[in-house]
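# Examining the three-dimensional arrangement
Read off the chains here:
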Amino acid sequence: MNYIDAALAPQRNTGEIKLHGPEGFEGMRKAGQLTAAALDLAADHARPGVTTARLDDLIYEFAGDHGAVPATLFYRGYTRASCISINHVVCHGIPNDKPLREGDIINIDVTLILDGWHGDSSRMYPIGAISRRAERLIDVTYESMMRGIAAVKPGNTTGDIGHAIQVYAEAERTSVVRDFCGHGVGRLFHDVPNILHYGRPGEGVELRPGMVFTIEPMINLGRPHVKVLGDGWTAVTRDRSLSAQFEHSVGVAEDGVEIFTLSPAGYTKPPYTAE
Ligand code: MF3
Ligand code: CO
Ligand code: CO
């Protein structure tokens, strides 16, 4: 695998892994904070009776008000500011006019571009009171992501990240979706390397200071298999079991990891009350 100084790299996916300096980290910090603030805003509105289109509109307006552009808007034909995935929808749910119902669990995934940098993050939101099994899935998924993040440091590999996630999720009798993965991020929305959410220690790509990517495990209560619906986007579990996801954009620091998309409000996982 080849690595390249991001300042000297062309602004496209060349197959080489970009290593960012302090300017890149500062750009990612700002974009990440704004994306996280949009997800904080959504927490105040995600309740029974609200439509996902309404939540998406709020995110769209928030982006515009803060000088940012949602990366998903017109991305490969997608036309919304966010993806909102309900219950057995694994990812890439398209916001629509159906009101949310008590007991639903939703993932809101937002990527805001600020000054050219992409902050990509998602969280789960319970709609009113939810079942114990839904609560447990959300907790397991959050912990899976955080264990993946904890494996990020120079000298470790992408396989160490995937392994940390998979071992934990499977010990909790849940399954890891294989069809979607984390990705390099930065001035590009989706760049190398792929960050698989399963794997073996020491395999994959070596992590070096300056790398910037997402970790975004999708975890199912049932089997890991997914299918994409006729709209070309909505991915659902084949067995219709519940699915959850969290996502952070992170950078490899000299001594560990920096999370760019931490919540300004102090929200981590539901229930969203500041710490
Ligand atoms: N935000 C998603 C990710 O985490 C990508 C969504 S692309 C879209 O990579 F077109 F579906 F919006
Ligand atoms: Co992502
Ligand atoms: Co995302």
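Before reading further, recall that the structure is shown in the block above.
Here's what I pulled together on the structure shown here.

Bringing the overall build of the protein into the picture now. Secondary structure assignment for the protein yields 4 helices and 17 strands. The globule rule puts the C-alpha radius of gyration for 275 residues at 19 Å, and the 17 Å found for the protein is close to it. With the C-alpha coordinates aligned to their principal axes, the bounding extent of the protein is approximately 50 × 45 × 40 Å. In the protein, which comprises 275 residues, the proportion classed as buried is 55%. Within the protein, counting contacts between residues at least 6 apart in sequence, those at least 24 apart form 70% of the total. A total of about 11,800 Å² of accessible surface is found on the protein, and carbon and sulfur atoms cover 50% of it. In the protein, which carries 26 positive and 34 negative side-chain charges, the distance between the mean positions of the two groups comes to 7 Å.

All right, on to the pattern of salt bridges then. According to the stated counting rule, one finds 11 salt bridges in the structure shown. Of the charged contacts, one joins Arg-29 and Glu-26 as a salt bridge, the two residues approaching to 2.6 Å between their closest N and O atoms. You can see Arg-29 and its partner Glu-26 sitting in helix 1 (residues 22-43), 3 residues apart, about one turn around the helix. Two residues, Arg-178 and Glu-170, come together in a salt bridge whose shortest N-O distance is 3.9 Å. Members of the salt-bridge network, linked through shared partners, are Glu-26, Arg-29 and Glu-258.

Here we take up the side chain of Asn-220. Inspection of the secondary structure assignment puts Asn-220 in strand 12 (residues 218-220). Sequence-distant contacts of Asn-220, that is, excluding residues within four places in its chain, are made with Val-90, Leu-137, Thr-174, Ser-175, Val-177, Thr-237, Ser-241, Leu-242 and Ser-243.

Around the cobalt ion (ligand 3), the protein contributes the donor atoms Asp-109 (OD), Asp-109 (OD), Asp-120 (OD) and Glu-247 (OE), which lie 2.1 to 2.5 Å from the metal centre. Around the cobalt ion (ligand 3) sit 6 donor atoms; with metal-centred angles ranging over 57 to 165°, the donor geometry is irregular. Positions of the donor residues of the cobalt ion (ligand 3) along the chain correspond to the pattern D-x10-D-x126-E. Here the cobalt ion (ligand 2) and the cobalt ion (ligand 3) are spaced 3.3 Å from one another, each receiving a donor from Asp-120. You can see Asp-109 sitting in strand 6 (residues 105-114) and its partner Glu-247 sitting in the loop between strand 15 (243-245) and strand 16 (248-253), a full 138 residues away along the chain. A single burial state applies to Asp-109 and to Glu-247, both of which are buried.

Cut-off values and rules
Residues numbered from 1 in each chain as written. Chains lettered and ligands numbered in written order. Predicted model: local features only at pLDDT ≥ 70, side-chain atom pairs only at ≥ 80, totals over all residues. Heavy atoms only, no water. Helix = DSSP H or I, 4+ residues; strand = E, 2+ residues; numbered from the N terminus. Rg over C-alpha atoms; globule rule 2.2 N^0.38 Å. Buried < 20%, exposed > 50% of the residue type's maximum accessible area, 1.4 Å probe, protein only. Contact = heavy atoms within 4.5 Å. Areas by Shrake-Rupley, 256 points an atom, 1.4 Å probe, with all protein chains shown as cover. Lys, Arg positive; Asp, Glu negative; His and termini not counted. Charge placed at Lys NZ, Arg CZ, Asp CG, Glu CD. Salt bridge = Lys/Arg side-chain N within 4 Å of Asp/Glu carboxyl O. Donors = N, O, S within 2.8 Å, 3.2 Å for Na, K, Ca; no water. Tetrahedral: all angles 85-135°; square planar, octahedral: opposite > 155°, others 65-115°.

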